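Understanding the architecture of this molecule
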Amino acid sequence: MRHAPDAAADVPAFELLPAAFALLSAQGQLLQANARFRTLSGTAAAWSWLNGGSAEALLAALCQQRDFTLELQAAGSETWLACQGRWDATLSAHACLWQPMGAPLAAQQAMADQLAQFRLLADNVPAQIALYEAQGLRCQFANRAYASAFGLDPQDIVGRTFQQVIGAEATAVIQPSVDRVLQQAQPVTYVRELLGRDSKRRWIEVSLLPHLVEGGKVAAVFVLINDITRHRQAEAAMRESELRLAKFMQATVEGIVFHHDGVITDVNPPLCELLGYTQQELVGRHALGFIAEDELSKVGRVMAEQREVRYETAVVRRDGTRIPVEFIVRTLERDGESQRMTIVRDIRDRVAAQARIHHLAQHDSLTQLLNRASFMERLEPALAHSRAAAQPLALLFIDLDNFKRVNDSLGHLEGDKVLTTVAERISDCVRSTDLVARFGGDEFVVLLRDVRGREDVMVVLHALLSVVEVPVRADGRQLSVTPSIGVAMFPEHGETAADLIQHADTAMYLAKAKGRANYQFFEPVLASRAYADLVLEAELAEALTHGQFRLYYQPQISAADGHLRGAEALLRWQHPTRGLLTPEAFIDVAERHRLMVPLGEWVMREAARQTRIWHKSGVAPVPIAVNLSAMQFRLSSFADTVADVLDAADVPGAWLELELTERMLMDDVEAAPATLASLRALGLSISVDDFGTGHTSLAHLTQLPLDKLKIDQGFVARLPDDAAAATITRAIVQMAAGLRLAVIAEGVRTPQQRDLLASWGCDAFQGELISPPLSAQDFEAWLKLRKPA
């Protein structure tokens, strides 16, 4: 090969730097150096030419494998040197510049800029890159893509000649282009056709760029290679595409229509079947002629703007039937002209499923009444309207007397029949403008709008007492259930939704205390309950201080193989006089008086401590799930608190799982995504507890960083006999699979429930069938005795 005659081109690029340069490995080995560095270090062995402290500092910095700047002193001298090291991951080495202290800052900056620019080129240009010196055409640098193309790595290719890298045959072909760069100091670009290792043809575009030094001399040549095979294949692909499209139109089950300037030019058989017309009847007509009238403006805008988009709309069949569809619109060349192609997808089944899931999200699955979240969502606007109109409202809190005995004696299925009948009777007693909701269990809430005073409310109360206690037929017998009803008037008994519900709830408990089938308006003298809450609050605070709380653990097993998959931490209170209490006995008071924050933090710390023990010992190396309260989740510092808990326990986030309810997610819809993202960044997994009982927006659900859905045990308990519960549960499992979320069923009590859930694709189970909640010691004993199913 010929090269430029200038002697400067014989010298590697780093020899031209106006400073000492050395390429050093992470272990301190000298890989390359220029003459200035060799003069600086002399013939001393290793780093003995630096004083002891400076040598140790340099070796320590090299081990870090990142950029550094050091001030080092030569051994036996007052000379200090500034050493600037830049880590190059591609070369697995530091590029180091050495300057006597006091060298011009501009010169240091210039050298640093040269190295930074060179790294930027290598790291960011989407091409194969190499640098060859002009004299001898030896490789000084290559990025990983260039080196691997010739079966080398970036270190091995350095020092090889151009011919050694690409071969004698290729060198002979491109030598004229290389000579032009060296002789004319101008860039050269050419295209080569190659036969790949897979025996397929490909084309590359090669750019040779001269690196000029002082005087316009070529010191080195940059090589940039881009694969342009796809451009050469585009024309052939276009022809093949049209052929495939023609076949696809006949084979697909989805409708396809082509139109030019709105006039239909072609359709396929599925579209004809969807609309009820023949191909001859459709071709030549305007595409908008089949769009539902209320959708014309939207579809017309898409056509006018020539947008390529996917969206939902509606078409009208020949018989007038409205069909919801999804349009997938593209512009393409067909028959020598630009046409619009629209795939028409029938989404009637999808729309029906979405409507059903949306209904489930807003309504109680058993009674079809509004659920708690949906009721609360409607209550706030109702209060605002009544406040503006100075019109009273009444909120009724209804609880069935001794309903638990119905469930215990006849079972949940018969109890559900009673609840359904009561729900229908309550709805029949109020106007269509009033609101009726089931808050859970045997609790119902009614909002009476536009009441003139207590007299109007009394009429409804007497009607409710009369109709609810009418015997209900269940299990072949007549059962009588009676309601206890608490009433709070707006604005007399509260200005906010929370106050009204709390006061109606308080009044309901007083009505229940009077005996069966009673009602009670809220009165301020009911503060006695507040006093009882105050006593319990003090006991709770003392329990936290004196360590009276315990965690029990309920196993979660895999549906696939029966192996332990996790455990849920469940809170218990070892009360000094009342014995072991479940949260039902104290959690409401804890939440009302903000004790849930320290209590919830204790639960997380204890769960973190226990999971560390089980992981380190190998007893149960699975995550422990912790239930969160709404009060905890709403704290702006909650993610920081979790991080502190993990650090204090010295456990990774993956060893804990946090469970939130649907209501918590929707009550804090704006802040929830950021909070969840912060928790996920710590490694924790997030699950939605009691799914199906709240009010979660499906669109919002898909945008949240979630990992798991837990099917509410209210659904599971009614399996396998309740068809409605089966339909809803199966829909939740399928929806979770579609969203790529794991799904676990809690409250599994029978083998039939387990087998049915497994057949639907449920990932894991939790419930009495597997094990009741256990102390840590009993949990370990359970593991030793149990063999996976």
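Refer to the structure presented above.
What this report covers is the structure whose coordinates are included nearby. Worth saying up front: this structure is predicted, and the values here are computed from it rather than measured.

1. Considerations on the pairing of strand 23 (residues 549-558)
Counting buried residues along strand 23, 8 of its 10 residues qualify, which places the element largely inside the surrounding structure. Direction of pairing for strand 23 relative to strand 24 (residues 564-575): antiparallel, over a ladder of 9 bridges. What sits directly across from Gln 556, in strand 24, is Gly 566. Adjacent in sequence and paired antiparallel, strand 23 and strand 24 are bridged by 5 residues, among which Gly 562 carries a positive phi angle near 80°. With 2 bridges connecting them, strand 23 and strand 31 (residues 764-766) associate as antiparallel partners. Along strand 31, the bridge assignment pairs Ile 557 with Phe 765.

2. Here we look at the pairing of strand 5 (residues 93-100)
With respect to burial, strand 5 is a largely interior element, 7 of its 8 residues being buried. Strand direction decides the pairing type here: strand 4 (residues 80-88) and strand 5, joined by 8 bridges, are antiparallel. Note on strand 5: the bridge partner recorded for Ala 82 is Gln 99.

3. Some remarks on the sheet that holds strand 11 (residues 255-260)
Ordered by their spatial adjacency, 5 strands build an open sheet running 12-11-15-14-13, and the pairing between neighbours is antiparallel. Where the open sheet ends on each side, the last strands, each with one partner, are strand 12 (263-267) and strand 13 (310-316). Neighbour to neighbour, the strand axes of the sheet diverge by 40° on average, direction disregarded. The pairing of strand 14 (residues 322-334) with strand 15 (residues 337-346) spans 10 bridges and is antiparallel.

4. Some details on the pattern of salt bridges
Counted according to the given criterion, the structure contains 31 salt bridges. Among the salt bridges present, the one from Arg 431 reaches Asp 434, with a minimum N-O distance of 3.0 Å. In this structure, Asp 722 engages Arg 718 in a salt bridge whose closest nitrogen and oxygen atoms are separated by 3.3 Å. Arg 718 gets classed as buried once you look at its relative accessible area, which sits at 8%. One network of salt bridges, with partners in common, ties together Glu 254, Arg 310, Glu 312, Glu 326, Arg 345 and Arg 350.

5. Focus: the packing of aromatic side chains
One pass over the structure, following the stated rule, counts 23 aromatic pairs. Ring plane angle 20° and centroid distance 6.1 Å describe the contact between Trp 47 and Trp 98, whose orientation is recorded as stacked. Pair noted here: Trp 47 is in the loop between helix 1 (35-41) and helix 2 (52-63) and Trp 98 is in strand 5, with a separation of 51 residues, a long-range link. Taking relative accessible area as the criterion, Trp 47 reaches 11% and is therefore assigned buried.

Calculation rules
Residues numbered from 1 in each chain as written. Predicted model: local features only at pLDDT ≥ 70, side-chain atom pairs only at ≥ 80, totals over all residues. Heavy atoms only, no water. Buried < 20%, exposed > 50% of the residue type's maximum accessible area, 1.4 Å probe, protein only. Helix = DSSP H or I, 4+ residues; strand = E, 2+ residues; numbered from the N terminus. Pairing = 2+ DSSP bridges. Axes fitted to C-alpha atoms, helices over the stretch in contact; angles between N-to-C directions. Salt bridge = Lys/Arg side-chain N within 4 Å of Asp/Glu carboxyl O. Phe/Tyr/Trp six-rings, centres within 6.5 Å; stacked < 30°, edge-to-face > 60°.

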